[in-house]
Amino acid sequence: MQIFNSRSALSAELNALRNKGKTIGFVPTMGALHEGHISLVKNAQKENDVVVISIFVNPTQFNNASDLINYPRIPEHDVPLLKAAGGDILFMPDEKEIYPEGTVPSDLKLDLGSLAQVMEAKHRPGHFDGVVTVVRKLFSIVGECNAYFGQKDFQQLAVVRKLVLEEKLPVRITSCPIVREADGLAMSSRNMRLTPTQREEAVVLSKALLEVEKRWMNSSIEELKSFASDFLSAHANVRTEYFEIADRDTLLPATDKKNAVACIAAYLGEIRLIDNILLEKIA
Ligand code: AMP
């Protein structure tokens, strides 16, 4: 696996590969890698000649200073994991390389429409401006590619699709399913910060989603939201920030059952976790 720290060196290498007719798969991450990230790499490998993974903890997408400081950075764990997974190229830039002008979100704002009003956008002000800024930069460094994102960050996926569409970027986005721990907890780099007790309690997020899925055919959306709220409030150590049943495209609260996704964000102590489940249309 080749490791690049410089954006210009990476761009030159990828241009040379494309000129030889190679297709590029791209997996952007913030590191502290787990099986969820590796599943994106595996998907990229199936469909591309060369797979590029980036690891960059993007400061502009953190709306909480302590979350940024405490975000796990473990390249000594990540690099061997990616080598073992057969990654071809790892891009690990430092902050100056990505933000030579300083860590300000781009003034090139993208109008996110309804995506900017709800759930993650509502509770993490500025978060998606930071995501758009860094993903736009990364796509411009990598160039034409197939990029792989996890359904785990459902709203982020919608934002990235919008970026590609609005700015006509030469990138094809693929969504990959959520990889879970044996008990159902969605894998996340933040899970390693949970205490053993919090780790046990964290399973409540995916349990709430599964219970809602089970009841999807026979209950109204309002009934399900109130069920979820009761279910979650029975767990005193889980502080739910939102539980929403949303339209998969607009992410506004769903008004019918045609195209819905249930999304949750909750805190265990100071660790904020998110999860979601697609609710399949009733016959
Ligand atoms: P992150 O490093 O958390 O920014 O995530 C990098 C990419 O991995 C994003 O596209 C995430 O949606 C994806 N990802 C994170 N956790 C999972 C998971 N449990 N299953 C599948 N994809 C994931």
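Thresholds applied
- Residues numbered from 1 in each chain as written.
- Predicted model: local features only at pLDDT ≥ 70, side-chain atom pairs only at ≥ 80, totals over all residues.
- Heavy atoms only, no water.
- Helix = DSSP H or I, 4+ residues; strand = E, 2+ residues; numbered from the N terminus.
- Rg over C-alpha atoms; globule rule 2.2 N^0.38 Å.
- Buried < 20%, exposed > 50% of the residue type's maximum accessible area, 1.4 Å probe, protein only.
- Expected span 1.5 Å × (residues − 1).
- Contact = heavy atoms within 4.5 Å.
- Near = heavy atom within 4 Å.
- Polar contact = N/O pair within 3.5 Å; in protein donor to acceptor, adjacent residues only side chain to side chain.
- Areas by Shrake-Rupley, 256 points an atom, 1.4 Å probe, with all protein chains shown as cover.
- Nonpolar A, V, L, I, M, F, W, Y, C, P; charged D, E, K, R; others polar.
- Pairing = 2+ DSSP bridges.
- pLDDT = per-residue confidence, 0-100.
- Axes fitted to C-alpha atoms, helices over the stretch in contact; angles between N-to-C directions.
- Phe/Tyr/Trp six-rings, centres within 6.5 Å; stacked < 30°, edge-to-face > 60°.
- Arc of directions from axis to C-beta.

What about the overall build of the chain?
Helix and strand counts for the chain come out as 11 helices and nine strands. Against the globule reference of 19 Å for 283 residues, the chain gives a C-alpha radius of gyration of 19 Å, in line with a compact fold. Counting only C-alpha atoms, the chain reaches 55 × 40 × 35 Å along its principal axes. The proportion of buried residues among the 283 residues of the chain is 53%.

Focus: helix H8 (residues 154-166)
For H8, with 13 residues, the first-to-last C-alpha span of 19 Å sits near the 18 Å given by 1.5 Å per residue. For H8, the full list of buried residues reads Phe154, Gln155, Gln156, Leu157, Ala158, Val159, Val160, Leu163 and Val164. The inward-facing, buried residues of H8 abut helix H6 (119-123), helix H7 (127-142), strand E5 (145-150), strand E6 (171-176), strand E8 (260-268) and strand E9 (271-279). Positive backbone phi, at 50°, marks Lys168, one or two positions downstream of H8.

Description of the site of the ligand
Neighbouring the ligand are 17 residues; Met30, Gly150, Asp153, Val179 and Met187 lie closest to it. Measuring from an oxygen atom of the ligand, one finds a side-chain N or O atom of His37 at 2.9 Å. Protein coverage of the free-state accessible area of the ligand, which is 480 Å², stands at 93%. Of all the secondary-structure elements, those providing two or more residues to the shell around the ligand are strand E2 (24-29), helix H2 (35-47) and E5. In terms of residue count, H2 provides more of the shell around the ligand than any other element does, three residues in total. Classifying every residue of the shell around the ligand by side-chain character gives nine nonpolar, six polar and two charged.

Here's the deal with the pairing of E2
Among the six residues in E2, six count as buried, and that is most of the element. Because side chains alternate across E2, one face comprises the buried residues Ile24, Phe26 and Pro28, and the other comprises Gly25, Val27 and Thr29, equally buried. Two strands pair when backbone bridges link them, and E2 and strand E3 (residues 50-55) are joined in this way by six bridges, in the parallel orientation. Looking at the pairing, Val27 lines up with Ile53 of E3.

A short note on the confidence of the model for the chain
Here the chain averages 96 in pLDDT, while 98% of its residues score no lower than 70. For the chain, the element scoring lowest by mean pLDDT is helix H3 (residues 65-70), at 95; strand E4 (residues 89-91) scores highest, at 99.

As for the sheet that holds E6
Read across the sheet, six strands follow the order E1-E4-E3-E2-E5-E6 without closing on themselves; strand pairing throughout is parallel. Both outer strands of the open sheet, strand E1 (2-4) and E6, are each paired with one neighbouring strand and no more. The mean angle between the axes of side-by-side strands here comes to 25°, regardless of whether they run parallel or antiparallel. When E2 meets E5, the two strands line up parallel, connected through two bridges. Looking at E5, one finds that Gly25 is bridged to Asn146.

A look at the packing of aromatic side chains
Evaluated as defined, the whole model comprises five aromatic pairs. Ring geometry for Phe26 against Phe139: centres 6.2 Å apart, planes inclined by 70°, an arrangement best described as edge-to-face. Taken as a pair, Phe26 in strand E2 and Phe139 in helix H7 lie far apart in primary sequence, 113 residues in all. The exposure class assigned to Phe26 is buried, which follows from its relative accessible area of 0%. Accessibility expressed as a relative area gives 4% for Phe139, which makes it buried. A ring pair is formed by Phe227 and Phe231, whose centres lie 5.8 Å apart and whose planes are at 35°; its orientation type is tilted. Taken together, the residues span about one helical turn, with Phe227 and Phe231 both in helix H11 (residues 221-233) at a distance of four residues. Under the relative-accessibility criterion, Phe227 is labelled partly exposed at 21%.

Some thoughts on H11
Compared with the 18 Å implied by 1.5 Å per residue over 13 residues, the 18 Å span of H11 between its first and last C-alpha is a close match. Of all the residues in H11, the buried ones are Ile221, Leu224, Lys225, Ala228 and Leu232. Considered in projection along H11, the buried side chains sweep an arc of 100° and stay on one side of the axis. Those residues of H11 that are exposed and aimed more than 90 degrees away from the buried face are Glu222, Asp230 and Ser233. Packed against the buried residues of H11 are helix H10 (203-215), strand E7 (238-247) and E8.

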